[in-house]
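Structure at a glance
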Number of protein chains: 2
Amino acid sequence: MKESVSAGVDSEMKGLISELQTLIRQPSISAKKQGLTECADLVFQIMVRAGIKSEVLNLGRHESNQKKEAIAPIVYGEVKCKMNPDAKTILFYNHYDVQPVEPVEFWDSDPFSGKVEGNYIYGRGSSDDKGELITRIKAVEYFLKKTGDVPCNIKFIVEGEEEIGSVNIEKYLSKYRHKLAADGVIWEFGYVDEKNKPIISLGMKGLLYVELIATGPSQDVHSSLAVLIENPAWRLIQALNTIRSTNGKILIKDWYKEVREFTPDELDNISREPFNEQEFKSHYGVDKFVNDVRGTEVRKALVGMPTCNIAGLIAGYVGQGAKTVLPSTALAKLDFRLVLDMDPKRQLQRLANHLKNYGFGDVGIKFIHGESASRTPLNQPFVKQVKDSAAEAFGVEPIVSVSSSGTGPMHSFVKILGAPCVSVGSTSIYARIHSPNEFARIDLLNKATKCIAVIIEKFSKQR
Amino acid sequence: MKESVSAGVDSEMKGLISELQTLIRQPSISAKKQGLTECADLVFQIMVRAGIKSEVLNLGRHESNQKKEAIAPIVYGEVKCKMNPDAKTILFYNHYDVQPVEPVEFWDSDPFSGKVEGNYIYGRGSSDDKGELITRIKAVEYFLKKTGDVPCNIKFIVEGEEEIGSVNIEKYLSKYRHKLAADGVIWEFGYVDEKNKPIISLGMKGLLYVELIATGPSQDVHSSLAVLIENPAWRLIQALNTIRSTNGKILIKDWYKEVREFTPDELDNISREPFNEQEFKSHYGVDKFVNDVRGTEVRKALVGMPTCNIAGLIAGYVGQGAKTVLPSTALAKLDFRLVLDMDPKRQLQRLANHLKNYGFGDVGIKFIHGESASRTPLNQPFVKQVKDSAAEAFGVEPIVSVSSSGTGPMHSFVKILGAPCVSVGSTSIYARIHSPNEFARIDLLNKATKCIAVIIEKFSKQR
């Protein structure tokens, strides 16, 4: 890494911290539709002050559940490369919304304080994703301050609904696909492990989220009538029990049909990804894994195994003590993680066929959300650039991960923009994102900002 | 029925209605510990005004869940027969507590109004059980007003925890077993069918109420980790699925071991109990019954079939939309209805063995409540007396039912007091007990009061 980049970013740190505090202090909870337009405006102002030509884009209102719901705006930003207008374009995808702060009683200070203590900045969004966003903005600002120009074309898309499943990102990408056209996308997050090694992740799993609803009598009835009236909770349990084996295999016909084997490159990479089984088990208080997997199988599961998880289950009386009721409905929330080449809509149809074929055609299915998986190939030149940049900025060889086990709208970016997506960033794996006392580490914000600057420089060399 | 009884009770009706209104207007919700001592005092005053020697008895506080909880008092009442101190003793068992009023928005007027409209008195407890209680008090008052004496010895036990499973009635019965000694018990409720036929019920089913708790990771985790961490909701579903077959049979070893066949008398009676299958199905919105039972099998199930019902089920996120969580625990509330000769503690042990033997020893069992079933034999002389009295008072042949499908502490009364229990009363099967807009019918209150008076007269003839 050039000395000038290092010194230049170091001199930006005071401003970076103060602007990150400003962002944290603006609550922006998408699940509660709280502070979203205010936060979008704030991001717009910070980007404009950094010299990024910005606008707040709005899709307006959205027809959902028979009522119109406001769609959170996105903030678009752009800096054209003056010295080389034909340079490649890099797109930064981030989000300004945050998770709810509950349970608020477990926070040591106000979740929106942005309090700095030594190397730590505390607050909801400090890492996820306001911290990551500010590293991208500050890297661009560094070039603009230094030269009045940027080494390649730069674009930003900052959305406000990532924490509720990026439900409208595909609409934004479609409507503004020419404006957003890019040659590479830096994804919104990036982890750093306990040994300060950056983890460069190249993919995300997909998701099919449904509700199963079993229906019994027309009203809740006294449970003495269970001799005659079938309880929909039993019906639901019988149906669920046909879906997944005790060792985690999904028993729906053709569920795995499109799932391909890992490539030799992927397998080689997976076998080298570090994973501390004992530490993981003791952190989560479990003594064995599903299907008793060990070693490489654990890492293969994280990267590429589909799941069927019960995210929620409810029927009848769940308060204290002994109410004797036979409920009129029972509901399960299922989230299926999907891997590459599995199509959520096709899997939904397979689930419906399964229930019907097993005699559970009376169990209703409500589709809640679907996203496809995505993976950027290991041999993509962009991957090597990001990897080399991270090695320079963090001073240590990064870990490359074939895919995260989580879900994000990466597939939509690849499908609509046709650009490879790579995730790299500043978030410690211990940063307690989504939990109380979320923090960002200032040393990692500094390194990630340098890493983004180096990526921008390397990207300018591409034609 | 003697003309004097009929006219005498008719002349008490104005007072009966007004005192029932007073009782309804005093909320007494045991589930919320609301107004219980106040209502016990009110019952005490009404009984004293009727000429019944009364006292409020108190067990004090009760050790439960590591904290001391107040036990609701009982009201004891007694009238000795002066002309024949050696006469038999009849005991009236009733309760002054009521169900919660929720959902309150479905009530057409204040749940505690006691509003009278034509033949109806509205309010929580109007039928269950303040209406029944007042018929017993007024029948006794009729004799005292008329003769200054009663035809046989009379006792009352009015408890305040019936709606929460009569959790302390056995303690009261044991402590005061000499005081409460009786030769026959008139149970707290009694239904009247849609054709105004009284239903004389001779038994109650038992109950075993437990919670099953499956435990997973030490905290709720992100569901992307479902590839490795077992979800306790799956574990619970697998365990539950081993307990009951799809046709309602309980699959636990020896579950039915002590269950005896119906006697020929019982079978004969059951075959004559009226039951309108079509009306029942259309009322509850179901098109078939568990195990597709029909005809006599339906009535046998109501009277004598054990069940395993899921009264509650909860795990993970049950709000709107798509939260992707893997919960740390999953809970089911099971209520097993038991029949004659099944011991709740023994059945609990069988359930525990079952889970262990099927590899679910990690699924925790929390015992919540247990009661044994009870049945008064059809050929008990007391049954014939009650039946004849009901025929006289209601002017129609009553229906005799071998057992109710519900649960009550009848077994404790039989075990401790050794007296037969018979249920007869004023409650229309459409009286919406436990539901909004509960009512009592004034014509049925009148007939039930006459019926109790006739029972008292007939009982005096016994030696």
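So, a few notes on the structure that sits alongside this text. Note that this is a predicted model, so its numbers are computed, not measured.

**As for the pattern of salt bridges**
Note that side chains of opposite charge can pair when their charged atoms are close. All names here are of chain A. All chains considered together, the criterion is met by 61 salt bridges over all chains. Of the charged contacts in the structure, one is a salt bridge between Asp10 and Lys450, with a shortest N-O distance of 2.9 Å. One end of the pair, Asp10, is in helix α1 (residues 3-24); the other, Lys450, is in helix α12 (residues 442-461), with 440 residues separating them in the sequence. Given the relative accessible area of 9%, Lys450 is considered buried.

**With respect to the relation of the copies chain B and chain A**
It takes a turn of 180° to lay chain B on chain A, together with a shift of 0.0 Å along the axis; the resulting RMSD is 0.1 Å. In symmetry terms, the pair is related by a two-fold rotation axis. Rotation axis and chain B: the residue whose C-alpha lies nearest the axis is B:Ile314, separated from it by 2.3 Å. A shared interface surface links the copies, since 99% of the contact residues of chain B are contact residues in chain A too.

**Some words on the packing of helix α10 (residues 381-394) of chain A against α12(A)**
Residue and element names in this part refer to chain A. Running from N to C, α10 and α12 point in directions that differ by 135°, and their axes come no closer than 8 Å. In terms of their interaxial angle, α10 and α12 are classed as oblique. Seen along the crossing, α10 lies across α12 with a hand that is right-handed. For the pair formed by α10 and α12, the contact residues are Phe382, Gln385, Val386, Asp388, Ser389, Ala390, Glu392, Ala393 and Phe394 on the first element and Leu444, Lys447, Ala448, Lys450, Cys451, Val454, Ile455, Lys458 and Phe459 on the second. For the contact of α10 with α12, the residue count by class is 11 nonpolar, 2 polar and 5 charged.

**Re the side chain of B:Ser405**
Here B:Ser405 is to be found in the loop between β20 (399-401) and α11 (410-417). Within polar-contact distance, the side chain of B:Ser405 engages the side chain of A:Ser224 at 3.5 Å. Excluding residues within four positions of it along the chain, B:Ser405 makes contact with A:Ser224, B:Lys205, B:Leu302 and B:Arg337.

**With respect to the interface of chain B and chain A**
On the side of chain A, 67 residues touch chain B, which itself brings 68 residues to the contact. With both sides pooled, the region where chain B packs onto chain A buries about 5700 Å², and carbon together with sulfur makes up 62% of that total. When the buried area of chain B at its contact with chain A is split by residue, B:Val227, B:Leu228 and B:Trp234 rank highest and sum to 14% of it. The interface formed by chain B and chain A holds 2 salt bridges in total. Between A:Arg244 and B:Glu230 there is a salt bridge, and its shortest N-O distance comes to 3.0 Å. For the pair chain B and chain A, the interface holds 27 residue pairs in polar contact (both at pLDDT 80 or more). When residues of the side of chain B that touches chain A are traced back to their parent elements, those giving at least two are β13 (206-215), β14 (221-222), α5 (232-241), α7 (277-284), α8 (296-304), β15 (307-316), β16 (325-326) and β17 (329-338) of chain B. The element contributing the most residues to the side of chain B that touches chain A is β15(B), with 10 residues. Tallied by class, residues from the side of chain B that touches chain A come to 37 nonpolar, 23 polar and 8 charged.

**Side note on the environment of B:Gly114**
Residues and elements named next belong to chain B. As for its position among the elements, Gly114 is in the loop between β5 (89-95) and β6 (116-117). Look at Gly114 and you get buried, because its relative accessible area is 0%. Separated by 91 residues in sequence, Gly114 and Leu23 place their C-alpha atoms 8.4 Å apart. The contact partners of Gly114, leaving out residues within four places of it in the chain, are Gln21, Ile24, Arg25, Ile121 and Tyr122.

Reading guide: rules and limits
- Residues numbered from 1 in each chain as written.
- Chains lettered and ligands numbered in written order.
- Predicted model: local features only at pLDDT ≥ 70, side-chain atom pairs only at ≥ 80, totals over all residues.
- Heavy atoms only, no water.
- Salt bridge = Lys/Arg side-chain N within 4 Å of Asp/Glu carboxyl O.
- Helix = DSSP H or I, 4+ residues; strand = E, 2+ residues; numbered from the N terminus.
- Buried < 20%, exposed > 50% of the residue type's maximum accessible area, 1.4 Å probe, protein only.
- Least-squares fit on C-alpha atoms with pLDDT ≥ 70 in both.
- Contact = heavy atoms within 4.5 Å.
- Axes fitted to C-alpha atoms, helices over the stretch in contact; angles between N-to-C directions.
- Parallel < 35°, antiparallel > 145°, perpendicular 65-115°, else oblique.
- Left-handed = near helix turned anticlockwise from the far one by under 90°.
- Nonpolar A, V, L, I, M, F, W, Y, C, P; charged D, E, K, R; others polar.
- Polar contact = N/O pair within 3.5 Å; in protein donor to acceptor, adjacent residues only side chain to side chain.
- Buried area = accessible area lost by both parts, 1.4 Å probe.

Worth remembering: the numbers are spatial, not functional.
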